[in-house]
Amino acid sequence: MHNWLKPTNAGVQLLHRLAHDRTPLTHDLLDSLPQTPPLLHVRRLLVFAAVLPPRDDEYLHRLGPWLRDQLAGRPAHHVRLAQPYAEWDVLHRARRAAHRRRQRLGYGSAIYARACIAAALDLLAWLDHQHTSLDRITQNQLDEWLDDPANKDKRIHGFLRWAAKTRQAPDLVVPPRRSSRSLPIMDENQRWQQLHRCRHDDAMPLPVRVVGTLTLLFGLPASRTLQLTVNDILQTSDTVRLVIGSSPVELPPRVADLVRAQLDHATSIDLNAPELARWLLPGHLGTLPINPARMSSQLIAAGIDAQTGRHAALVHLAAALPAPVLASLLGVHINTAIAWSHRAQRDWSAYLAARHREQARQPKPAREQATQ
């Protein structure tokens, strides 16, 4: 608060400029300005104070101004390629995915969209330094770019696929990214130990316990859990159901108690704008959910390995449920559910093979005694 009283504060200067501007204060006006952290904070304040109406899909709305800022000052031939790719492929896919799942564009999806666009711009800049262009890039040149450690994980496949489809680049091969076959999986005993802590450790912050529990139990990514609203919680006198897929999931009693407690906190926040979304896990001011990066830090601080625990939960569910049921339960694409089902089958086959080898090494009397 002290910083906001300083006249040199960027947010204070922005508010002063807006107050003296005769242009009506709208989201479009803020979108026309550089999308700096102070502007994002001022927008949250204005929405919280009901000066501006809330936007239904804030992260999706932010992508357009962010793209404009990224293209500002770029060479014309970069803009000619990157802008249609961003608008007709990346953003189109993001909107379609959000519509298919009947939910807002999540923070993680917005970060992924930005990464795809940024990778395209990075490759175009590199090609300029190589004195060549996208339509003349060779497989050897692409491999050279990908061999740079700074580029090996960049999301360039979509851009090259789009460029080849629109005949603006040759059809090149991008090595596949790490698949679910190599994803680290938490030991099942460790998963249940961490799940027990989330359900029973009162010293852990309640939002962390809720996110950790849903991650370790249902394999939900934190960014997905943070998009839940109070309307996604369905209560009766003795049950709590969670809407994460096409059919609500009834929660176990202890998990239901945690979600009820978080629901009580979320609904107790006084919002100046009644049309604001009531997030189950509200962040600062309640205008948006907790930032996923902040939640990730809190999970790590609490000793919860969310990534490997999520993978273990998905393998466990995929081993017990058919892929179509898993897709419906969690609201994921059927191809994702099939991939995890295959992973579960591989893990189970590997387990049986290991058990067979272990039994074969035992002396015969020990094997006979083990079967009695």
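Residues numbered from 1 in each chain as written. Predicted model: local features only at pLDDT ≥ 70, side-chain atom pairs only at ≥ 80, totals over all residues. Heavy atoms only, no water.

Chemist: Would you explain the nonpolar core in this entry?
Modeler: In a soluble, globular protein the nonpolar side chains are often hidden away together inside. The biggest cluster of nonpolar side chains holds 46 residues, and the ones touching the most others in it are Leu214, Phe218, Ile244, Leu251, Met295 and Leu330. When residues of this core are traced back to their parent elements, those giving at least two are helix H9 (188–200), helix H10 (206–218), strand S2 (240–242), helix H12 (253–268), helix H13 (292–301), helix H14 (306–320), helix H15 (323–330) and helix H16 (334–361). Broken down by element, the residue count for this core peaks at seven residues, all from H10. When near neighbours in sequence (up to four residues on either side) are disregarded, Met295 contacts Pro207, Val208, Val211, Ala222, Leu226 and Ile290. Ranked by size, the runner-up nonpolar core spans 38 residues in total, among them Leu67, Tyr85, Leu134 and Leu146. (Core = buried A, V, L, I, M, F, W, Y, C linked by side-chain atoms within 4.5 Å. Buried < 20%, exposed > 50% of the residue type's maximum accessible area, 1.4 Å probe, protein only. Helix = DSSP H or I, 4+ residues; strand = E, 2+ residues; numbered from the N terminus. Contact = heavy atoms within 4.5 Å.)

Chemist: Sorry if this is basic, but what is going on with the pattern of salt bridges here?
Modeler: Pairing between side chains of opposite charge can happen when their charged atoms approach one another. The final tally for this structure, using the stated rule, is 14 salt bridges. As a salt-bridge pair, Asp31 and Arg43 come within 2.8 Å of each other at their nearest N and O atoms. Highlighted residues: Asp31 in helix H2 (residues 27–31) and Arg43 in helix H3 (residues 37–48), separated in sequence by twelve residues. Across the pair, Arg43 and Asp31 agree in class, each one buried. Note that Asp89 is salt-bridged to Arg93, the shortest N-O span being 3.4 Å. Here Asp89 pairs with Arg93, and both are found in helix H5 (residues 76–100), just four residues apart, close to one helical turn. The partly exposed category is assigned to Arg93, whose relative accessible area is 38%. Among the ionic contacts, a cluster of salt bridges with common partners joins Asp31, Arg43, Arg55, Glu58 and Arg62. (Salt bridge = Lys/Arg side-chain N within 4 Å of Asp/Glu carboxyl O.)

Chemist: Where do I start with the packing of aromatic side chains in this structure?
Modeler: In this description, an aromatic ring pair is defined by two values, namely the gap between the centres and the angle between the planes. Scanning the model with the defined rule gives four aromatic pairs in all. Their ring planes at 65° and their centres at 5.1 Å tell us that Tyr85 and Phe159 sit as a pair that is edge-to-face. With Tyr85 in helix H5 and Phe159 in helix H8 (residues 157–165), this pair connects stretches of sequence that are 74 residues apart. Phe159 carries the same exposure label as Tyr85, and that label is buried. (Phe/Tyr/Trp six-rings, centres within 6.5 Å; stacked < 30°, edge-to-face > 60°.)

Chemist: Just to check I follow, could you spell out the packing of H9 against H10 for this structure?
Modeler: Axis angle and axis distance: for two packed helices, these are the angle between their axes and the distance between the axes, and together they describe the pair. Following both chains from N to C, one finds H9 and H10 inclined at 150°, their axes separated by 8 Å at the closest point. As the angle between them shows, H9 and H10 are arranged roughly antiparallel. Pair H9 / H10 crosses with left-handed handedness. Each of Arg191, Gln194, Leu195, Cys198, Arg199 and His200 in H9 lies in contact with H10, whose residues at this interface are Arg209, Gly212, Thr213, Leu216 and Leu217. Split by residue class, the contact of H9 with H10 holds four nonpolar, four polar and three charged. (Axes fitted to C-alpha atoms, helices over the stretch in contact; angles between N-to-C directions. Parallel < 35°, antiparallel > 145°, perpendicular 65-115°, else oblique. Left-handed = near helix turned anticlockwise from the far one by under 90°. Nonpolar A, V, L, I, M, F, W, Y, C, P; charged D, E, K, R; others polar.)

Chemist: When you look at the confidence of the model for the chain in this model, what are you seeing that I'm missing?
Modeler: In low-pLDDT segments, the atomic positions of the prediction should not be examined closely. Across the chain, the average pLDDT comes to 84, with 86% of residues at or above 70. Here residues 366–372 scores under 50 on pLDDT; set against residues more than four positions off or in separate chains, the count is three contacts. (pLDDT = per-residue confidence, 0-100.)

Chemist: Looking at this structure, how should I read the packing of helix H6 (residues 107–129) against helix H7 (residues 139–147)?
Modeler: The geometry of H6 relative to H7 is characterised by a closest axis approach of 12 Å and an angle of 115° between their N-to-C directions. For H6 against H7, the interelement crossing comes out right-handed. Two secondary-structure elements touch here, H6 through Ala119, Asp122, Leu123 and Trp126 and H7 through Gln141, Glu144 and Trp145. Counted by class, the contact of H6 with H7 contains four nonpolar, one polar and two charged residues.

Chemist: Even after reading the chapter, I still don't get empty space enclosed by the protein, so can you show me in this structure?
Modeler: It is a probe the size of a water molecule, rolled over the atoms, that shows where empty space is left. Counted under the stated rule, the structure contains one cavity of 30 Å³ or more. For the largest cavity, the calculated volume is near 40 Å³. Every residue along the wall of the largest cavity is listed here: Ala266, Ile269, Leu271, Ala277, Arg278, Trp279, Pro282 and Gly286. Grouping the constituent residues of the lining of the largest cavity by class yields six nonpolar, one polar and one charged. (1 Å grid on protein atoms, 1.4 Å probe; cavity = no way out; pocket = protein on both sides within 12 Å on 5 of 7 lines; lining within 4 Å. Points joined across faces, edges and corners; volume = space filled by probe spheres on them.)

Chemist: Before we go on, may I ask you to explain H10 in this structure?
Modeler: Residues spaced three or four apart along an α-helix point in a common direction, a consequence of the helix completing one turn every 3.6 residues. Taking 1.5 Å per residue as the helical rise, H10 with its 13 residues ought to reach 18 Å, and the 18 Å between its terminal C-alpha atoms agrees with that figure. Here H10 lies mainly inside the structure; eleven of its 13 residues are buried. The complete set of buried residues in H10 reads Val208, Arg209, Val210, Val211, Gly212, Thr213, Leu214, Thr215, Leu216, Leu217 and Phe218. Trailing H10 by a residue or two, Gly219 shows a phi angle of about 70°, which is positive. (Expected span 1.5 Å × (residues − 1).)

Chemist: Would you explain the sheet that holds strand S3 (residues 249–250) in this entry?
Modeler: Strand pairing within a sheet occurs via backbone hydrogen bonds; the two strands may be parallel or antiparallel. Taken together, the three strands give an open sheet; going across it, the order is S1-S2-S3, and neighbouring strands pair in antiparallel fashion. For this open sheet the edge positions go to strand S1 (233–235) and S3, each flanked by a neighbour on one side alone. The pairing of S1 with S2 spans three bridges and is antiparallel. Within the sheet, the bridge partner assigned to Leu234 lies in S2 and is Arg241. Along the sheet face, H12 touches S1 and S2 and points at about 110° away from the line of S1. (Pairing = 2+ DSSP bridges.)

Chemist: Before we go on, may I ask you to explain helix H4 (residues 58–71) in this structure?
Modeler: If you check H4, its first and last C-alpha atoms are 21 Å apart, about what 14 residues at 1.5 Å a residue would give, namely 20 Å. Along H4, the residues classified as buried are Glu58, Tyr59, Leu60, Arg62, Leu63, Pro65, Trp66, Leu67 and Leu71. Gly73 sits one or two positions beyond H4 and adopts a positive phi of about 80°.

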